[in-house]
Amino acid sequence: MSNLQIEEKLFSIENSIQKLSLSVKSILSHEEAAVFLSMKPSYLYKLTARKEIRFFSPLGKLNYFQKTDLEEFLLRNEIPAINKENTIENHWKK
């Protein structure tokens, strides 16, 4: 195995461990929340500045997030599925 392959495997293992640790925690730091949401930390800062996402700042400097709040943020603005039967019926009624 080359050094590059070893580094890639190590990186993959580190990512897996990080994701596993996020699944166990209920309160996430800013960096962890950004990873959980699959966004850059700077964009998460923008969302907190606009107060578009719920967060806690116990000491006034560091931001923390409840995992349930992040999940609610991800699941907002639901787009309902189209009922295929109604679509076919409406197509032939035209």
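Residues numbered from 1 in each chain as written. Predicted model: local features only at pLDDT ≥ 70, side-chain atom pairs only at ≥ 80, totals over all residues. Heavy atoms only, no water.

Novice: Talk me through the overall build of the protein chain; I want residue IDs and the actual numbers.
Specialist: Assigned secondary structure in the protein chain consists of 5 helices and 2 strands. Going from the N terminus to the C terminus, the protein chain shows its helices and strands as α-β-α-α-β-α-α. Looking at the 94 residues of the protein chain, the share that counts as buried comes to 20%. Counting contacts in the protein chain only where the partners sit at least 6 residues apart, residues at least 24 apart contribute 42% of the total. Carbon and sulfur atoms make up 58% of the accessible area of the protein chain, which totals about 8000 Å². (Helix = DSSP H or I, 4+ residues; strand = E, 2+ residues; numbered from the N terminus. Buried < 20%, exposed > 50% of the residue type's maximum accessible area, 1.4 Å probe, protein only. Contact = heavy atoms within 4.5 Å. Areas by Shrake-Rupley, 256 points an atom, 1.4 Å probe, with all protein chains shown as cover.)

Novice: Describe in detail the pattern of salt bridges, supporting the description with residues and values.
Specialist: A pair can form between side chains of opposite charge whenever their charged atoms are brought close. Within this structure, the stated rule accounts for 3 salt bridges. Linking K25 and E32 is a salt bridge whose minimum nitrogen-to-oxygen distance equals 2.7 Å. Residue D69 is joined to R54 by a salt bridge in which the shortest nitrogen-to-oxygen separation is 3.4 Å. Residue D69 is found in helix α4 (residues 67-74), and its partner R54 is found in the loop between α3 (41-49) and β2 (64-66); the two are separated by 15 residues along the sequence. Taking relative accessible area as the criterion, D69 reaches 9% and is therefore assigned buried. On the basis of relative accessible area, R54 is assigned to the partly exposed category, the value being 48%. (Salt bridge = Lys/Arg side-chain N within 4 Å of Asp/Glu carboxyl O.)

Novice: Which residues make up the packing of helix α2 (residues 30-37) against α3, and what values go with them?
Specialist: The geometry of α2 relative to α3 is characterised by a closest axis approach of 9 Å and an angle of 105 degrees between their N-to-C directions. Between α2 and α3, the angle is such that the two are roughly perpendicular. Touching H30, A33, A34 and L37 of α2 are P41, L44 and Y45, all from α3. (Axes fitted to C-alpha atoms, helices over the stretch in contact; angles between N-to-C directions. Parallel < 35°, antiparallel > 145°, perpendicular 65-115°, else oblique.)

Novice: Hey, could you go over the nonpolar core for me, with residue numbers and the actual values?
Specialist: Counting residues in hydrophobic clusters, the biggest one holds 12 residues: L22, L28, A33, A34, L37, M39, L44, L47, I53, F65, L70 and F73. For this core, the elements supplying multiple residues, two or more each, are α2, α3 and α4. Ranked by residue count, the leading element in this core is α2, at 3 residues. L47 has contacts with M39, E52, I53 and F73, leaving out every residue within four places of it along the chain. (Core = buried A, V, L, I, M, F, W, Y, C linked by side-chain atoms within 4.5 Å.)

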